[in-house]
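# What the coordinates show
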Amino acid sequence: MTTLELRGVSKTYGEGAAVVQALSGVSLSVEPGAMVAVMGPSGSGKSTLLTIAGSLEEPTSGEVLIDGASLSRMSRNGKARLRRRSIGYVFQDFNLLPGLTAAENVALPLELDGTASRRARTAGKRALDDLGLGERADRFPDQLSGGERQRVAIARAVVGERRLLLADEPSGALDSVNGEAVMRLVHEACKRGVAAVVVTHDAQLASWADRVVFLRDGRIVDQTAPPAGPESLLTSPGQIP
Amino acid sequence: MSVRHALLALLSEGPKYGLQLREEFEARTGEVWPLNVGQVYTTLQRLERDGLVESDGSTDEGPQKGFRITAGGADELAAWLRTPPDLSSPPRDELIMKVLVALRVPGVDVHEVIQVHRRYLVELMQQWTRLKEDEADFDLGLALVVDAELFRLDSVIRWLDAADGRLKRAAADGLPAPVPAALPRLRRRAGVRP
């Protein structure tokens, strides 16, 4: 079953002369295990697309379905439960809570969803172990490097039974080595069956995706073809002078 | 990429056979640049003629003929490593030309032309990135080659993004499209290579 489906989603802000059309008739499907990158310039509607896909904002028209269930037919509580259980978010500025350790940050969504504190923290530590951050579990965010903070944020986004990972410029201001480490983690999560949407203006990040869609003025104007294998690069005729 | 200097570099580690040089060249460049064996022997003959390598004197021209670097060859290699490639004058880039020409052709949407190239470049980057996916099989030489290619393609995409934005702003400000004369002027001023 398709994990995320947007059907003709539009979003306008403001009224009358001040109306801004942030999204116009956007349709997008993301299957389990697939990573889709959304590329576009500032103001093209990338972040709006992500917040609507994550049920943090309502579309003006159109429909969003997660695992086949329409968000518009869901109660507020139902959506809140979906956000806690099924959707993981990663933002540019990490959004870790400064008063909680790395493990507590990762365990938080499970605890909010009613998992007993001890079990939640065990799951949190395991998620950090998987990302090579086991030794940092008891540190507070300000005791971690930028790259480590973002890896904790990804651990939090994929902890438990999350099926959809939504990331907005996930490598933020990280250097290219740390940016690559972040994309590697998203890629690993997809290999385990998580569907991911990564919004970015950075082609190096987007190139980790199975499919890249291009957004311009709130519309999807283009997308990449199904990827050819890297063999095509290796068998091309040599270009040595 | 200079095969000549790559072979000198491999011989700087010690004497080697021709076939061995080819295998090591391909392995060190992550097998991204295939090299045929004829190219190796032709280059070795020229290096020997120029006094930069010596062969073991056997008359056999086959794979068992050994080569070693001379003192002159080592000097040549050291000088080559430190000589910057000529990046001082911009090359006449086909993509830049296409975008500039698209501005002048009636009925052509330059943003659509830019997007065609952007998509193609992103697809190429996806193929290069796929090489990185299996970290365990990823050797350091290949990693450096792949990074270089990704940064190169990325810089072209960034230029397309900047051009896209600049043209959009110019259209919003009601500026006319640049006149073709801008190009020869720029070439004279910046010394663009033909």
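Keep in mind that what you see is a predicted model, and the values were worked out from it rather than measured.

Definitions and limits used
- Residues numbered from 1 in each chain as written.
- Chains lettered and ligands numbered in written order.
- Predicted model: local features only at pLDDT ≥ 70, side-chain atom pairs only at ≥ 80, totals over all residues.
- Pairing = 2+ DSSP bridges.
- Helix = DSSP H or I, 4+ residues; strand = E, 2+ residues; numbered from the N terminus.
- pLDDT = per-residue confidence, 0-100.
- Contact = placed C-beta atoms within 7 Å.
- Buried ≥ 20, exposed ≤ 12 C-beta atoms within 10 Å, placed from the backbone.
- Axes fitted to C-alpha atoms, helices over the stretch in contact; angles between N-to-C directions.
- Expected span 1.5 Å × (residues − 1).
- Core = buried A, V, L, I, M, F, W, Y, C linked by C-beta atoms within 7 Å.
- Parallel < 35°, antiparallel > 145°, perpendicular 65-115°, else oblique.
- Nonpolar A, V, L, I, M, F, W, Y, C, P; charged D, E, K, R; others polar.

## Notes on the pairing of strand β10 (residues 219-223) of chain A
Residue and element names in this part refer to chain A.
- Two elements, strand β9 (residues 211-216) and β10, share four bridges in a ladder whose sense is antiparallel. By the bridge assignment for β10, L215 is matched with I220.
- Joining the antiparallel neighbours β9 and β10 is a turn of two residues, in which D217 adopts a positive phi near 50 degrees.

## As for the confidence of the model for chain A
- On average, chain A scores 88 in pLDDT, and the residues at 70 or more come to 94%.
- A low-confidence stretch, residues 235-241 of chain A (pLDDT under 50), is modelled with seven contacts involving residues beyond four sequence positions or located in other chains.

## Re unusual backbone geometry
Residue and element names in this part refer to chain A.
- One non-glycine residue with positive phi stands out, namely S55, at about 60 degrees.
- With respect to the helices, strands and loops of the structure, S55 is situated in the loop between α1 (46-53) and β4 (61-66).
- Owing to 20 C-beta atoms within 10 Å, S55 belongs among the buried residues under this scheme.
- Not every positive phi belongs to a glycine, and D67 is a case in point at roughly 50 degrees.

## Things to note about the environment of N105 of chain A
All names here are of chain A.
- With respect to the helices, strands and loops of the structure, N105 is situated in helix α3 (residues 102-112).
- For N105, a count of 26 C-beta atoms within 10 Å gives the class buried.
- Ignoring anything within four residues of it in the chain, the contact list for N105 reads L96, L97, L100, V152 and R156.

## Things to note about the sheet that holds strand β5 (residues 69-70) of chain A
Residue and element names in this part refer to chain A.
- The strand order across the open sheet built from four strands is β2-β1-β4-β5, with neighbouring strands paired in antiparallel fashion. For this open sheet the edge positions go to β2 (20-30) and β5, each flanked by a neighbour on one side alone.
- As judged from the seven bridges shared by strand β1 (residues 4-13) and β2, these two strands associate in the antiparallel manner. Its bridge partner lying in β2, T12 is registered against Q21.
- Strand contacts of α1: β1, β2 and β4, with the helix running at about 120 degrees to β1, the strand carrying the most contacts.

## Brief notes about helix α6 (residues 110-132) of chain B
- Compared with an ideal rise of 1.5 Å per residue, which puts 23 residues at 33 Å, α6 of chain B spans 34 Å between its outermost C-alpha atoms and is within 8% of the ideal.
- What α6 of chain B keeps buried is the set V110, I114, R118, V122, M125, Q126, W128, T129, R130, L131 and K132 of chain B.

## Quick look at the nonpolar core
- In this structure, L165, V186, A196 and V197 of chain A are the most contacted members of the largest nonpolar core, which totals 79 residues.
- One finds A6, L7, L21 and L77 of chain B within the second-largest nonpolar core, a separate group that totals 16 residues.

## Points about the packing of helix α1 (residues 3-11) of chain B against helix α2 (residues 18-28) of chain B
Residue and element names in this part refer to chain B.
- Running from amino to carboxyl end, α1 crosses α2 at an angle of 105 degrees, the nearest separation of the two axes being 10 Å. Between α1 and α2, the angle falls in the class roughly perpendicular. Two secondary-structure elements touch here, α1 through A6, L7 and L10 and α2 through L21, E24 and F25.
- Residues of the contact of α1 with α2, tallied by class, amount to five nonpolar, no polar and one charged.

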